[in-house]
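# Structure assessment
Listed below, chain by chain, are the residues.
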Number of protein chains: 2
Amino acid sequence: MRKASILLWITLAGCLYAAEPNNVEQWGIFELTLQGPAAGNPFIGIEFSAVFENAGRQFEPEGFYDGDGVFKIRFMPDAQGTWTYKTKSSRPELSGKEGQFICTAPKAGSRGPVRVRNQYHFAYADGTPYFPFGTTIYEWPFQTESLKKQTLETLKQSPFNKARFLLIPPYKEHYVTGPGKLERFPFVGSSKDNWDFSRFDPAYFRQLEWCVAQVRDLGVEADLIIFHPYDDGKWGFDRMDAATNERYLRYVIARFGAYRNVWWSLANENSFMKHLTDADWDRLFQIVQQRDPYAHLRSIHNADRIYDYNKPWVTHVSLQYYMAVRCLGISPMLRDMYQKPIIHDEINYEGNIERRWGNISGEEMVFRFWSAYIGGAYATHGDCFGPSEDPTWISIGGRLQGQSPARIAFLRKILESGPQEGIDPIDQHFENNIGGQAPKYYLIYLGREPIDAWEFRLPKKNLKEGMRFKAELIDTWNMQIEPVEKVFEIKQLNAYTFADKDGSKITLPQRPYMALRLQLSD
Amino acid sequence: MRKASILLWITLAGCLYAAEPNNVEQWGIFELTLQGPAAGNPFIGIEFSAVFENAGRQFEPEGFYDGDGVFKIRFMPDAQGTWTYKTKSSRPELSGKEGQFICTAPKAGSRGPVRVRNQYHFAYADGTPYFPFGTTIYEWPFQTESLKKQTLETLKQSPFNKARFLLIPPYKEHYVTGPGKLERFPFVGSSKDNWDFSRFDPAYFRQLEWCVAQVRDLGVEADLIIFHPYDDGKWGFDRMDAATNERYLRYVIARFGAYRNVWWSLANENSFMKHLTDADWDRLFQIVQQRDPYAHLRSIHNADRIYDYNKPWVTHVSLQYYMAVRCLGISPMLRDMYQKPIIHDEINYEGNIERRWGNISGEEMVFRFWSAYIGGAYATHGDCFGPSEDPTWISIGGRLQGQSPARIAFLRKILESGPQEGIDPIDQHFENNIGGQAPKYYLIYLGREPIDAWEFRLPKKNLKEGMRFKAELIDTWNMQIEPVEKVFEIKQLNAYTFADKDGSKITLPQRPYMALRLQLSD
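An account of the accompanying structure is given in this report. Bear in mind that the values here come from a model prediction, so they are computed numbers and not experimental data.

Each helix and strand in chain A was counted, giving 10 helices and 34 strands. Referenced to the eigenvectors of the C-alpha coordinate spread, the extents of chain A come out at roughly 85 × 65 × 40 Å. The buried share of chain A, taken over its 522 residues, is 61%. Put simply, of all contacts in chain A between residues at least 6 apart along the chain, 69% involve residues at least 24 apart.

Residues and elements named next belong to chain B. With 13 residues, helix H9 (residues 362-374) should reach 18 Å at 1.5 Å per residue; the first-to-last C-alpha distance of 18 Å fits that figure. For H9, the tally of buried residues reaches 12 of 13 residues, placing the bulk of the element in the interior. Along H9, the residues that are buried comprise Gly362, Glu364, Met365, Val366, Phe367, Arg368, Phe369, Trp370, Ser371, Ala372, Tyr373 and Ile374. One or two steps after H9, the chain reaches glycine 376, where phi turns positive at roughly 80 degrees.

Turning to the pattern of salt bridges, a few remarks are in order. In this structure the tally under the stated criterion is 82 salt bridges over all chains. Linking arginine 164 of chain A and aspartate 345 of chain A is a salt bridge whose minimum nitrogen-to-oxygen distance equals 3.7 Å. Here the residue arginine 164 of chain A occupies a position in strand E13 (residues 162-166), and aspartate 345 of chain A occupies one in strand E20 (residues 342-346), the gap between them amounting to 181 residues. Aspartate 345 of chain A matches arginine 164 of chain A in its accessibility class, with the two residues each being buried. Glutamate 31 of chain B serves as the salt-bridge partner of arginine 74 of chain B, at 2.7 Å between the closest nitrogen and oxygen. Linking arginine 74 of chain B in strand E6 (residues 70-75) with glutamate 31 of chain B in strand E2 (residues 30-35), this pair joins segments that are 43 residues apart in sequence. The exposure class of arginine 74 of chain B is buried, given its relative accessible area of 5%.

Overlay of chain B on chain A (RMSD 0.0 Å): rotation 180 degrees, translation along the axis 0.0 Å. This pairing of chains is accounted for by a two-fold axis. Residue cysteine 327 of chain B, judged by its C-alpha, is the member of chain B lying nearest the rotation axis, at 3.3 Å. Looking at the interface residues of chain B, 100% of them are also at the interface in chain A, so both copies use one shared face.

Below, the discussion takes up the environment of glutamate 139 of chain B. All names here are of chain B. With respect to the helices, strands and loops of the structure, glutamate 139 is situated in the loop between strand E12 (133-136) and helix H2 (145-157). For the pair glutamate 139 and cysteine 211, spaced 72 residues apart in sequence, the C-alpha separation works out to 11 Å. Excluding anything up to four places from it in sequence, glutamate 139 contacts Leu166, Pro170, Lys172, Tyr175, Asp390, Ile394 and Ser395. Here the side chain of glutamate 139 touches lysine 172 through a polar contact of 2.9 Å, side chain to side chain.

Let's shift gears to the packing of aromatic side chains. Tallying each qualifying case throughout the model produces 107 aromatic pairs over all chains. Across from the ring centre of tyrosine 120 of chain B, 3.9 Å away, lies the NZ or CZ of arginine 335 of chain B, which sits over that ring.

Let us now look at the interface of chain B and chain A. Each partner contributes to the interface: chain B provides 34 residues, whereas chain A provides 34 residues. Across the interface of chain B and chain A, roughly 3,300 Å² is buried in total on both sides, 58% from carbon and sulfur atoms. Taken together, the connections running from chain B to chain A amount to two salt bridges. Taking the shortest distance from any N to any O, the salt bridge between arginine 356 of chain A and aspartate 427 of chain B comes out at 2.8 Å.

Residue and element names in this part refer to chain A. Packing of helix H9 (residues 362-374) against helix H10 (residues 404-416) leaves a shortest axis separation of 9 Å and a crossing angle of 20 degrees. Viewed along their axes, H9 and H10 adopt a mutual orientation that is roughly parallel. Pair H9 / H10 crosses with right-handed handedness. For the pair H9 and H10, the contacting residues are Gly362, Met365, Val366, Phe369, Trp370 and Tyr373 in the first and Ser404, Arg407, Ile408, Leu411, Ile414 and Leu415 in the second.

What follows deals with the sheet that holds strand E10 (residues 121-124) of chain A. Residue and element names in this part refer to chain A. Spatial ordering of the open sheet is given by E9-E10-E11, a layout of three strands whose pairing is antiparallel. Strands at the two margins of the open sheet, each flanked by one partner only, are strand E9 (114-117) and strand E11 (129-130). Here four bridges tie E9 to E10, and the two strands are oriented antiparallel to one another. What sits directly across from arginine 117, in E10, is histidine 121.

For the rest of this paragraph, the subject is the sheet that holds strand E8 (residues 98-104) of chain A. All names here are of chain A. Read across the sheet, five strands follow the order E1-E8-E7-E3-E4 without closing on themselves; strand pairing throughout is mixed. The sheet is open, and its two borders are formed by strand E1 (23-25) and strand E4 (57-59), each paired with just one other strand. Across the sheet, the mean angle from the axis of one strand to that of its neighbour is 30 degrees, orientation sign disregarded. Inspection of the sheet shows E1 paired to E8 by three bridges, in the parallel sense. Counted as the bridge partner of asparagine 23 is isoleucine 102 from E8.

A word on the nonpolar core. Judged by nonpolar contacts, the single largest core of 278 residues is most densely connected at Tyr248 and Met333 of chain A together with Tyr248 and Met333 of chain B. Not counting chain neighbours up to four residues away, the residues in contact with tyrosine 248 of chain A comprise Leu167, Ile168, Phe187, Phe200, Phe205, Ile226, Phe227 and Met240 of chain A.

Let us look at H10 of chain A. If you check H10 of chain A, its first and last C-alpha atoms are 18 Å apart, about what 13 residues at 1.5 Å a residue would give, namely 18 Å. Considered for burial, the residues of H10 of chain A that qualify are Ser404, Pro405, Arg407, Ile408, Phe410, Leu411, Ile414 and Leu415 of chain A.

Next up on the list: unusual backbone geometry. In the segment running from alanine 438 of chain A into proline 439 of chain A, the intervening peptide bond is cis, with an omega of 0 degrees. Within the secondary structure, proline 439 of chain A is located in the loop between strand E26 (434-437) and strand E27 (441-445). Despite not being glycine, aspartate 232 of chain B shows a phi value in the positive range, around 55 degrees. Tracing the backbone shows aspartate 232 of chain B in the loop between strand E16 (221-227) and helix H5 (242-256). By relative accessible area, aspartate 232 of chain B is classed as exposed at 53%. The phi torsion at glutamate 269 of chain B lies on the positive side, around 45 degrees, for a residue other than glycine.

Another point: the state of the cysteines. Tallied over the entire structure, the rule returns one disulfide over all chains. Put simply, cysteine 327 of chain A and cysteine 327 of chain B are joined by a disulfide, and their sulfur atoms are 2.3 Å apart. Taken as a pair, cysteine 327 of chain A in the loop between helix H7 (323-326) and helix H8 (331-338) and cysteine 327 of chain B in the loop between helix H7 (323-326) and helix H8 (331-338) lie in two separate chains rather than in one.

Rules used throughout
Residues numbered from 1 in each chain as written. Chains lettered and ligands numbered in written order. Predicted model: local features only at pLDDT ≥ 70, side-chain atom pairs only at ≥ 80, totals over all residues. Heavy atoms only, no water. Helix = DSSP H or I, 4+ residues; strand = E, 2+ residues; numbered from the N terminus. Buried < 20%, exposed > 50% of the residue type's maximum accessible area, 1.4 Å probe, protein only. Contact = heavy atoms within 4.5 Å. Expected span 1.5 Å × (residues − 1). Salt bridge = Lys/Arg side-chain N within 4 Å of Asp/Glu carboxyl O. Least-squares fit on C-alpha atoms with pLDDT ≥ 70 in both. Polar contact = N/O pair within 3.5 Å; in protein donor to acceptor, adjacent residues only side chain to side chain. Phe/Tyr/Trp six-rings, centres within 6.5 Å; stacked < 30°, edge-to-face > 60°. Lys NZ or Arg CZ within 6 Å of the ring centre and 35° of its normal. Buried area = accessible area lost by both parts, 1.4 Å probe. Axes fitted to C-alpha atoms, helices over the stretch in contact; angles between N-to-C directions. Parallel < 35°, antiparallel > 145°, perpendicular 65-115°, else oblique. Left-handed = near helix turned anticlockwise from the far one by under 90°. Pairing = 2+ DSSP bridges. Core = buried A, V, L, I, M, F, W, Y, C linked by side-chain atoms within 4.5 Å. Disulfide = S-S within 2.5 Å.

So, in structure tokens, the structure goes:
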């Protein structure tokens with residue numbers, strides 16, 4: 001032990017050129033800062049990375065130029081213990097720098113990055129199930145300090161544990177002329193004609209990093225939208241050439257990759273960027289795959305042409321197709337098509353604006369959430385109240401005004417108190433509204449049309465005669481759960497179905513949006 | 001002219017070894033017959049093909065061994081004029097045989113193989129639009145002569161222009177023990193223990209060729225199902241090794257490829273063949289792509305795991321997912337996902353058997369058809385009346401008993417008298433029941449729930465104020481079309497919609513399954 005300490009001291013003495021702390025919590029960020037060349041354009045042509053090693057495993061994140069001659073490498077250690085590192089660079093002053101640090105236990109509540117679990121679901125790296133309940137706050141990073149703080153406060157009180165937002169602002173006139181004129185852009189310059197696409201503005205990215213860290217500290221995953229088409233060529237950020245796109249993408253990965261709560265959303269409505277083909281997107285995905293040492297979740301959000309989510313570099317489906325949640329029974333098909341987790345990442349927004357994507361009712365938003373979750377999928381919320389150009393929440397953040405978040409919180413509680421495997425469809429070719437884990441747990445969603453009674457019938461999967469179930473009536477809109485007095489005992493009805501042995505029904509109130517929860521009795 | 005005739009005579013003289021006719025109609029079959037080796041096992045290890053040439057274009061179909069020392073090559077010429085050919089073989093007696101033939105005009109009604117047209121639709125090779133109206137007669141080739149003739153007679157009277165059937169019978173006890181004991185199998189032998197998987201039975205394939213030719217002569221495409229899982233290892237045809245599968249597949253292509261009405265369905269419910277991975281299916285598709293010189297349509301029909309129809313060798317989607325047609329609005333999503341024609345090739349069967357896939361009502365079958373076609377997709381019918389083990393039509397053929405075929409004929413007439421481009425969804429992200437070609441033609445399907453009236457409102461695509469429309473009321477179940485007396489003139493209502501300028505509605509009878517047809521007035 002004493003010998004190890006001495007060795008540690010010697011090594012630390014060898015890396016006094018950097019003042020980084022030598023303890024980093026698991027899934028925190030180790031940051032190495034080096035002085036390097038400031039002359040010329042250090043954003044271009046300098047290869048810079050470091051190999052981090054622990055217990056025989058190696059990771060090699062790229063570094064990035066942070067301006068003023070400062071180069072940084074960020075690293076997220078995924079295991080406790082001693083990590084060593086050694087830099088590599090095409091420039092001698094950045095090359096061969098060695099050191100080590102101790103990775104300590106994570107802080108309470110820190111569970112690591114989210115991964116795919118059991119093919120259709122998610123978990124944190126520590127194994128804790130993660131059930132996505134997303135929301136959309138596209139432009140919140142580009143707002144005033146006070147509005148950003150209000151957004152964070154709202155998020156903290158909300159049911160949402162994933163937020164989709166843009167890394168590049170959409171073009172809006174007032175971002176150029178004020179109010180809310182933007183001072184910083186991803187690139188140096190101030191308009192399409194004088195952007196220097198070869199030079200990033202590090203301060204711009206630092207303010208985005210603050211946003212990612214803030215939502216992380218609220219337990220919210222940051223679904224970062226890297227490219228988007230909402231510029232119409234005015235700034236030109238949506239029409240950059242392949243080399244610029246690639247350089248920008250690598251810079252984003254180098255700066256944000258070490259944040260444990262990052263998900264990569266390659267684009268919003270990608271097919272609206274007409275100059276990029278599916279082959280271009282393939283290449284961008286492959287760059288993320290190669291350059292992100294942590295394998296953060298990767299997807300892309302579609303417009304008219306739907307990217308092939310079957311491709312191996314896509315970790316989950318991030319679909320925009322409202323019809324897929326407007327009726328029941330389609331999410332299971334998407335699971336069978338893509339054999340990956342399905343997130344309905346845009347299902348219209350609850351709101352009051354004239355644009356038709358921004359004015360569905362709270363009831364309809366909640367219906368679409370249940371449609372997704374009952375089918376073994378997930379969904380992302382939006383709240384969109386006027387004015388049309390800058391609606392609150394989905395664009396600028398601020399306050400939530402809709403009626404759906406409380407109901408989504410209610411659904412989240414039901415889901416998180418249910419089977420830790422998550423909800424899987426049961427008999428999805430013939431039943432469009434039954435999810436759960438047979439035989440121990442069923443959610444049955446009864447949708448928009450009130451019915452008088454529900455005959456106690458379940459698909460045969462994993463059932464045996466004599467099993468007994470308790471039932472509860474869930475009012476998904478009024479957020480009430482009421483136990484049914486009877487215990488149901490089942491017998492086989494036919495080749496597909498078990499039913500209550502006495503043919504009992506559950507009487508239902510004449511209200512829409514009811515559901516049932518059935519649980520196997522001990 | 002005279003000189004050409006002399007040359008022709010010289011060439012013909014050079015190929016007197018074969019007695020094939022020297023005139024073949026376009027998209028007919030030229031068949032070259034050669035004597036070759038009969039000793040050993042001529043099915044194995046003999047490479048045999050011919051290069052056919054016309055106007056600088058070359059095609060190289062493989063030949064096949066037809067038993068008794070006879071080798072054949074079949075070829076479907078796709079252009080009129082003089083074709084030359086020369087054989088290639090690893091055996092000298094089959095190699096270097098040259099000749100030519102004249103390809104003449106096609107017979108009336110012969111339009112060549114069906115191709116994809118305009119990304120989501122189909123046409124014959126001569127350019128005539130082909131709108132698939134499929135049906136399912138899995139085992140009809142394995143029935144008695146009289147039953148086969150009845151099936152053909154039924155097909156002739158039916159609205160169906162595509163038939164799905166198996167190239168290998170499913171295992172059924174009575175096919176072994178009788179009645180209906182099968183005399184012929186794809187391989188020589190009579191049970192799992194003594195099949196010689198290295199030897200095909202040519203007579204077995206000849207009877208299938210008769211079936212393909214018969215339906216061809218009725219104008220029906222033969223959607224040939226090459227592999228299937230309905231054997232459960234009893235004969236073992238569903239568990240053959242990779243080399244046998246490949247040899248069988250090449251034999252099928254060599255024998256059937258020259259039939260112009262052939263579509264390749266790699267399998268029914270492919271994922272139920274557990275020993276084959278998606279990579280195995282990729283390889284089988286690639287073999288078809290390489291060996292079929294005519295590029296017949298290629299797809300595969302799924303069970304629980306849906307093959308990735310995005311793959312480049314798949315020409316169209318052949319989906320089994322009932323929920324996709326049980327509600328409206330999902331076919332357009334499938335188009336956007338796969339960017340290929342969508343055929344819902346199994347949507348349950350109208351019938352009366354206990355199995356739940358075989359007892360939907362005629363009304364429901366017709367609903368599902370309209371759901372598919374209104375969304376710019378196509379569907380395949382099935383008619384399934386007991387007994388369960390050998391239901392008529394979908395299994396053995398015979399007579400149709402359901403109520404849906406007449407209504408499907410009615411739909412077909414509507415479709416074929418509509419725009420020749422076919423039906424495309426209009427504003428599919430927000431409207432789930434409007435298809436057509438804006439602004440000239442709209443079909444609006446009103447589904448299961450009767451409504452009092454339809455407000456005259458259309459999505460803005462291609463519309464201008466002042467356009468005038470005539471309307472007809474369609475009762476899709478009672479097969480009636482009734483003109484609406486009024487002519488509707490439109491004005492813009494909002495950013496998305498045009499409406500009748502006077503806010504007129506179309507009054508509807510209180511019946512389910514109504515539709516509207518709107519056509520731009522001259």
